[in-house]
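A structural walkthrough
Here is what each chain is made of, one letter per residue.
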Amino acid sequence: MSGEIAIAVEDVSKSFGKTEALKRVSFQAMTGKVLGLLGPNGAGKTTAVRILTTLIPLDSGNATIQGINVSAHGAQIRKIIGLAGQYAAVDEYLTGRENLELVGGLYHLARKEARSRSKELLFKFDLEDAADRQVKTYSGGMRRRLDLAASLVNRPPVLFLDEPTTGLDPRSRIGLWDSIRSLVSEGMTVLLTTQYLEEADQLCDNLVVIDHGQVIANGTPDELKTSLGGDLIEFSVIKRELSQHAAEVVAKFALSAPTFESESGQITLRPVGDGTHSLANLVRALDESGIAIAGLALRRPSLDEVFLSLTGNSPDEANGN
Amino acid sequence: MLYEWSLMTKRYVLRYIRVPALVVFSILQPIMFVVLFRYVFGGAIVVRTSNYVSYLMPGIIAQTAAFGSIATAVGLAEDFQGGMIDRFRSMPVSTSSVLVGRLVTDTLRNIFIVLVMIVVGYLVGFRFMNGIVPAVGMAAMAVLFGLSISCISALIGMKLRDPEAVQSFGLIWLFPLTFVSAAFVPVYTMPGWLQGIAKANPVTIVIDSMRSMALGGPLSRTTFESLAWLIGICVVFLPIAIRQFRRVS
């Protein structure tokens, strides 16, 4: 199964009035893998998902899921996809079980099958105790789990998750991540959108970074981190007032001017050449200048930093947070 | 498709059963209208053909059925806003299922409300004077009227997709539509220019036919005209509303 292309998007454009939501976007998702569409709010992630799930038509380009053209064969596409959107699209006044059985019925499962499938999913998503309570009594995390369960009733081979954990508390988020991982382990192809780098890092095999409707990078999380230029050295000094001086001392080992964060006292630099070698030189230089080091680390850049360097703003800034 | 319709209907009916307040409040308002027009304004309104309460009840019943259609519009708008419609649209579901489920539910609800209103009418002095079959006919006409207005409201709900906007808009068009008609006062008591509008208003035609059935009067012509209007409205608006299901906002 793996190695096959499950979702192929080629040169897809979409405008809403004068706003170009997607500009000749191309990417592929491999069967049995998780592809993350990463980008700030308004980047075009949701538009891409809505096109692929047949909710809106594309303007130009070509999109296929398991080789089936999304624009031409919407009805067929709907049989092989599941969608859990940004809203938990479940009926408040029905119980969890009734929601799943309704969805099962709409997929034309036999009544008995709809019932057993619902039971199975309620168990899987830890909703058995709440199964016969109306959804309006559910917590945010429970709603999302039910929503995810509803998108799986038909056992779709391809699942779309549009910001599945937005608005969830950290515990629910981690619970949902576990659920998603277990789906992938069963061979499902997942395309998820997120603005959380940690989420992308945790869940995704491949990432497509979208900003202003364009793909600005893609690759595995590791590849993206490496593409930023390898390791980073981070250190702080015991006497804070010497931080500025320390930054000047180590500048010759850095590709670009070291950054200094006044609050934490952290000085960060991207070393020239081999990280470990630079580390030794840096320690020696600081020692010779009589500056005592408080903490020192050599690390890979976080996806946050990758994102920052790719888009020129952090996802948090883009959200106005 | 029939199965999808029944599933959607069940979904909406369960909501009314679990939140009875939704139905209770939509009955309280017309009861207030009955009291208001029967006892507050009624003394000042003279109709030639019958006592005022007999004149009033078919009008109020029709108006109640029409106002019930706001629930159709709001319910659909809520489904769009809450993401339910997106879920259904991403599934192999027929385009008519949500709308038909909604209309069937609101028609069932209207049948219930019309029956309650007839009981309320009997409590304040209204009587059917034309026998049982025309009485049932009047109730059926009221329900059909509600359905046809619901078809228009459904289109509004699916176009605007914002429950609050839909609620206000519903009142804005239904108030003049039902008040500038023979619902509460005879048309000949209105100023000349308004008479023209009120007479042409299909609501007047529907209510005239309901009155004829309830109280006796020219049956065949008004009933035929009224049916033509109501079925015509359904035939025009239902397909347009169904098409909205896949249309992007």
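Heads up: these notes are all about the structure in this document. All of these numbers come straight from a predicted model, not from anything done at the bench. (Residues numbered from 1 in each chain as written. Chains lettered and ligands numbered in written order. Predicted model: local features only at pLDDT ≥ 70, side-chain atom pairs only at ≥ 80, totals over all residues. Heavy atoms only, no water.)

**Let's talk about the overall build of chain B**
Counting its secondary structure elements, chain B contains 11 helices and 0 strands. Mapped in sequence order, the helices and strands of chain B form the string α-α-α-α-α-α-α-α-α-α-α. Over its C-alpha trace chain B gives a radius of gyration of 18 Å, about what one expects of a compact globule, namely 18 Å for 249 residues. Over its C-alpha atoms, taken along the principal directions, chain B stretches across nearly 60 × 35 × 30 Å. For chain B, restricting intrachain contacts to residue pairs at least 6 apart in sequence, the fraction spanning at least 24 positions comes to 80%. Within the structure as shown, chain B displays about 10,400 Å² of accessible surface, and the carbon and sulfur contribution to it stands at 74%. (Helix = DSSP H or I, 4+ residues; strand = E, 2+ residues; numbered from the N terminus. Rg over C-alpha atoms; globule rule 2.2 N^0.38 Å. Contact = heavy atoms within 4.5 Å. Areas by Shrake-Rupley, 256 points an atom, 1.4 Å probe, with all protein chains shown as cover.)

**Quick notes on the overall build of chain A**
Within chain A one finds 12 helices and 14 strands. Across its three principal axes, chain A shows a C-alpha extent of roughly 80 × 45 × 40 Å. A burial count over chain A gives 50% of its 321 residues as buried. Considering only contacts within chain A whose residues lie at least 6 apart along the sequence, 66% involve residues at least 24 apart. Accessible surface computed for chain A: about 14,700 Å², of which carbon and sulfur atoms make up 47%. Charged side chains in chain A number 33 positive and 41 negative. The centres of these two groups are separated by 6 Å. (Buried < 20%, exposed > 50% of the residue type's maximum accessible area, 1.4 Å probe, protein only. Lys, Arg positive; Asp, Glu negative; His and termini not counted. Charge placed at Lys NZ, Arg CZ, Asp CG, Glu CD.)

**Observations concerning the pairing of strand β2 (residues 19–30) of chain A**
Regular strands place their side chains on alternate faces of the sheet. All names here are of chain A. As defined by bridge partners, strand β1 (residues 5–16) adjoins β2 across 8 bridges and the pair is classed as antiparallel. Its bridge partner being in β2, Ile5 is matched across the sheet by Met30. Taking the residues between adjacent antiparallel strands as the criterion, β1 and β2 are bridged by 2 residues, where Gly17 takes a positive phi near 60°. (Pairing = 2+ DSSP bridges.)

**Topic: the pattern of salt bridges**
Inspection of the entire model under this criterion finds 19 salt bridges over all chains. A salt bridge links A:Arg97 to A:Asp132; its shortest N-O distance comes to 2.9 Å. Placement of A:Arg97 in helix α3 (residues 96–106) and of A:Asp132 in the loop between α4 (111–124) and α5 (140–150) is noted, with a sequence separation of 35 residues between them. Judged by relative accessible area, A:Arg97 falls into the partly exposed class, the value being 25%. B:Arg11 is the salt-bridge partner of B:Asp79, the closest N and O atoms lying 2.8 Å from each other. Linking B:Asp79 in helix α4 (residues 69–81) with B:Arg11 in helix α1 (residues 2–18), this pair joins segments that are 68 residues apart in sequence. Pair check on accessibility: B:Asp79 and B:Arg11 agree, each one buried. Each of the salt bridges in this network shares a partner with another, and the network as a whole consists of A:Asp91, B:Arg11, B:Arg15, B:Glu78 and B:Asp79. (Salt bridge = Lys/Arg side-chain N within 4 Å of Asp/Glu carboxyl O.)

**Structural notes on the environment of A:Val153**
Residue and element names in this part refer to chain A. By the secondary structure assignment, Val153 is in the loop between α5 and β7 (158–162). Taking the C-alpha atoms as reference points, Val153 and Gly32, 121 residues apart in sequence, are found 18 Å from one another. Discounting residues that sit within four places of it in the chain, Val153 has contacts with Leu100, Val103, Gly104, Tyr107, Leu109, Arg117 and Leu121.

**Observations regarding α4(B)**
All names here are of chain B. Compared with an ideal rise of 1.5 Å per residue, which puts 13 residues at 18 Å, α4 spans 19 Å between its outermost C-alpha atoms and is within 8% of the ideal. Listed as buried for α4 are Ser69, Ile70, Thr72, Ala73, Val74, Gly75, Leu76, Ala77, Asp79 and Phe80. A positive backbone phi angle near 90° is found at Gly83, which sits one or two residues after α4. (Expected span 1.5 Å × (residues − 1).)

**Focus: the interface of chain A and chain B**
For an interface, size is often stated in terms of accessible area lost upon the parts coming together. On the side of chain B, 23 residues touch chain A, which itself brings 31 residues to the contact. Between chain A and chain B lies a buried interface of about 2,500 Å² when both sides are counted; carbon and sulfur atoms form 60% of it. Among the residues chain A hides against chain B, the three largest losses belong to A:Arg78, A:Tyr93 and A:Leu106. Together they make up 25% of the total. Applying the counting criterion to the chain A and chain B interface returns 5 salt bridges. The salt bridge partner of B:Arg18 is A:Glu98, with a shortest N-O separation of 2.6 Å. The tally of links from chain A across to chain B stands at 11 residue pairs in polar contact (both at pLDDT 80 or more). Those elements giving two or more residues to the side of chain A that touches chain B turn out to be α2 (74–80), β6 (81–84), α3 and α5 of chain A. It is α3(A) that contributes the most residues to the side of chain A that touches chain B, 5 residues altogether. Its residues assigned to classes, the side of chain A that touches chain B comprises 17 nonpolar, 7 polar and 7 charged. (Buried area = accessible area lost by both parts, 1.4 Å probe. Polar contact = N/O pair within 3.5 Å; in protein donor to acceptor, adjacent residues only side chain to side chain. Nonpolar A, V, L, I, M, F, W, Y, C, P; charged D, E, K, R; others polar.)

**What about unusual backbone geometry?**
All names here are of chain A. Phi angles above zero are rare outside glycine, and Thr54 is one such case at about 65°. Within the secondary structure layout, Thr54 lies in the loop between α1 (45–52) and β4 (60–65). Look at Gln66: it is not a glycine, yet its phi comes out positive at around 45°. Along the chain, Gln66 falls in the loop between β4 and β5 (68–69).

**Looking at the state of the cysteines**
One pass over the full model with this rule turns up 0 disulfides over all chains. With no disulfide of its own, B:Cys151 has B:Cys234 as its nearest cysteine by sulfur position, at a separation of 4.0 Å. (Disulfide = S-S within 2.5 Å.)

**Observations concerning the side chain of B:Asp106**
Assignment of secondary structure puts B:Asp106 in helix α6 (residues 97–123). Under the relative-accessibility criterion, B:Asp106 is labelled buried at 2%.

**Quick word on the environment of B:Ile156**
Residue and element names in this part refer to chain B. As for its placement among the helices and strands, Ile156 is situated in helix α7 (residues 132–160). Separated by 10 residues in sequence, Ile156 and Val166 have C-alpha atoms that sit 7.0 Å apart. Ignoring sequence-local partners within four residues, the contact set of Ile156 consists of Arg161, Val166, Phe169 and Trp173.

**Concerning the layout of surface pockets**
The volume enclosed by the largest pocket comes to roughly 710 Å³. Taken together, 37 residues make up the lining of the largest pocket; nearest its centre are A:Thr46, A:Arg50, A:Gln86, A:Tyr87 and B:Asp86. Of all the elements in the fold, those that place two or more residues in the lining of the largest pocket are β2, α1 and β6 of chain A together with α4 and α5 (84–89) of chain B. Considering each element in turn, the lining of the largest pocket owes the most residues, 5 residues, to α1(A). (1 Å grid on protein atoms, 1.4 Å probe; cavity = no way out; pocket = protein on both sides within 12 Å on 5 of 7 lines; lining within 4 Å. Points joined across faces, edges and corners; volume = space filled by probe spheres on them.)

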